[in-house]
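# Topology and contacts: notes
The residues making up each chain are set out below.
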Amino acid sequence: EVQLVESGGDLVQAGGSLRLSCAASGLPFDEYAIAWFRQAPGKEREGVSCISENDGSTYYTESVKGRFTISSDNAKNTVYLQMNSLKPEDTAVYYCAAAYFLSLSSSSPWDRETVYDYWGQGTQVTVSS
């Protein structure tokens, strides 16, 4: 059975940093794209970042560029999201998701929820002002 398990969420002050982890099992890691989504209270879920383990391509939503970095450790089947200079508007439940890499295209972009086949349980990130 495919499993995605997130960890690393916490309560931090504005300007602080966190590193989220997504440990994947039960899938051919190098044939998948792994993405981070987040959902704030009363808001729709949005794509934050994505990495394709097939070719190493990375993607970010504009609001986190220059602050967040996605990376992976193939030996551990784990994807990380390093979050620096955190802002209160980053407060959300963060989810990781996995899609077969060929499922991503111009008509099925990385930040579209329906592209992804598997989802983790989420981890809470709270940034205080």
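Residues numbered from 1 in each chain as written. Predicted model: local features only at pLDDT ≥ 70, side-chain atom pairs only at ≥ 80, totals over all residues. Heavy atoms only, no water.

## Some details on the overall build of the protein
As a reminder, the rule being used: The numbering of helices and of strands both runs from the N terminus, where a helix is a DSSP run of H or I of at least 4 residues and a strand a run of E of at least 2. Here the radius of gyration uses the C-alpha set of atoms, whereas the globule reference equals 2.2 Å times the residue count to the power 0.38. Accessible area is worked out with a 1.4 Å probe on protein chains only. A residue is then buried under 20% of its type maximum, exposed over 50%, and partly exposed in between. Contacts are assigned to residue pairs with any non-hydrogen atoms lying within 4.5 Å of each other. Accessible areas in this description were obtained via Shrake-Rupley with a 1.4 Å probe; residue shielding takes into account the shown protein chains only. Asp and Glu are treated as the negative residues and Lys and Arg as the positive ones, with His and the ends of the chain left uncounted. Positions of charges follow a simple convention, taking NZ of Lys, CZ of Arg, CG of Asp or CD of Glu.
The helix and strand inventory of the protein stands at zero helices and 11 strands. Each helix and strand of the protein, placed in order from N terminus to C terminus, yields the pattern β-β-β-β-β-β-β-β-β-β-β. Taken over C-alpha atoms, the radius of gyration comes to 14 Å for the protein, in line with the 14 Å a tight globule of 129 residues would show. Taken along the three principal axes of its C-alpha coordinates, the protein extends 40 × 30 × 25 Å. Put simply, the protein has 129 residues, and 41% of those count as buried. Long-range pairs, those at least 24 residues apart, make up 60% of the contacts in the protein with a sequence separation of at least 6. Of the roughly 6,500 Å² that the protein leaves accessible, carbon and sulfur atoms contribute 43%. Considering the protein, the positive charge centre built from 9 side chains and the negative charge centre built from 16 side chains are found 7 Å apart.

## Remarks on the state of the cysteines
Definition in use: Two cysteine sulfurs form what is called a disulfide whenever their separation falls within 2.5 Å.
On inspection of all chains with the given rule, the structure shows one disulfide. With its sulfur 2.2 Å from that of its partner, C22 forms a disulfide with C96. Here the disulfide of C22 and C96 is right-handed, its torsion about the S-S bond being about 65°. Residue C22 is found in strand β3 (residues 18–25), and its partner C96 is found in strand β9 (residues 92–100); the two are separated by 74 residues along the sequence. You can see C50 has no disulfide; the closest cysteine sulfur is in C22, sitting 11 Å from it.

Note that every value here comes from positions in space, so none of it alone points to a role or purpose.
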